[in-house]
Amino acid sequence: MNKVPFMIIFMGMCAFGANDLLAQQGPQKEAELGVEEEEGPMLFKFEPDYLAAEEARRKEILMTRAMIDSLDISEGKRQKLIRDLYKNNGSKKLNKILLANNKFEE
């Protein structure tokens, strides 16, 4: 019989505590979402042309990779050049291979 009042008091305190926690979290999340929607991501504040620069770099990488794939070299060397292309775009090895093998024949 002593357990029933204790259980009712405990459930009431849990409900009261949960209500307070929800009240504190609600406005804070809404404020954070509102600021980001108005101004956009923080990245565009400091680098407005980031997406255009990344798209240009991707196109350049795809074009260079197509040139590497068209070369008559071993598969291991091709993989090393592709890895080098993605890690550092303008490496000396990559430039040397591409300049040496760009002979246009008619």
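As a starting point, this report considers the structure included with it.

1. Observations concerning the nonpolar core
- One finds I61, I68, L71, I73, L81, I82, L85, L94, I97 and L98 forming the largest nonpolar core, which totals 10 residues.
- Of all the secondary-structure elements, those providing two or more residues to this core are helix 3 (50-70), helix 4 (75-87) and helix 5 (92-100).
- Beyond its immediate sequence surroundings of up to four residues, I68 is in contact with R78, L81, I82, L85, L94 and L98.

2. Some thoughts on the pattern of salt bridges
- The tally for this structure, following the rule as stated, stands at four salt bridges.
- Of the charged contacts in the structure, one is a salt bridge between E55 and R58, with a shortest N-O distance of 3.6 Å. A residue pair is termed a helical-turn pair when its members lie 3 or 4 positions apart in one helix, as E55 and R58 do in helix 3 at three residues.

3. Overview of helix 4
- Helix length check: helix 4 (13 residues) gives 18 Å between terminal C-alpha atoms against 18 Å at 1.5 Å per residue, within 8%.
- Within helix 4 the residues assigned to the buried category are R78, L81, I82, D84 and L85. All buried residues of helix 4 project into a common sector of 160 degrees when viewed along the axis, lining one side. Residues K80 and K87 are exposed on helix 4 and point more than 90 degrees away from its buried face.

4. Comments concerning a positive patch on the surface
- A cluster of basic residues, K80, R83, K87 and K93, forms a positive patch at the surface.
- Considering each element in turn, the positive patch owes the most residues, three residues, to helix 4.
- Positionally, K80 belongs in helix 4.
- A relative accessible area of 54% means that K80 is categorised as exposed.

5. Topic: the side chain of R78
- By the element assignment, R78 lies in helix 4.
- Here the side chain of R78 touches L71 through a polar contact of 2.8 Å, landing on its backbone oxygen.

6. Observations concerning the side chain of T64
- Mapped onto the fold, T64 is located in helix 3.
- Residue T64 is classed as buried on the basis of its relative accessible area, which comes to 11%.
- A polar contact of 2.8 Å, which involves the side chain of T64, links it to the backbone oxygen of E60.
- In contact with T64, not counting residues within four places along its chain, are L85, L94 and L98.

Reading the values: the criteria
- Residues numbered from 1 in each chain as written.
- Predicted model: local features only at pLDDT ≥ 70, side-chain atom pairs only at ≥ 80, totals over all residues.
- Heavy atoms only, no water.
- Core = buried A, V, L, I, M, F, W, Y, C linked by side-chain atoms within 4.5 Å.
- Buried < 20%, exposed > 50% of the residue type's maximum accessible area, 1.4 Å probe, protein only.
- Helix = DSSP H or I, 4+ residues; strand = E, 2+ residues; numbered from the N terminus.
- Contact = heavy atoms within 4.5 Å.
- Salt bridge = Lys/Arg side-chain N within 4 Å of Asp/Glu carboxyl O.
- Expected span 1.5 Å × (residues − 1).
- Arc of directions from axis to C-beta.
- Patch = residues over 30% accessible without salt bridge, like charges linked within 9 Å, V, L, I, M, F, W, Y side chains within 5 Å.
- Areas by Shrake-Rupley, 256 points an atom, 1.4 Å probe, with all protein chains shown as cover.
- Lys, Arg positive; Asp, Glu negative; His and termini not counted.
- Charge placed at Lys NZ, Arg CZ, Asp CG, Glu CD.
- Polar contact = N/O pair within 3.5 Å; in protein donor to acceptor, adjacent residues only side chain to side chain.

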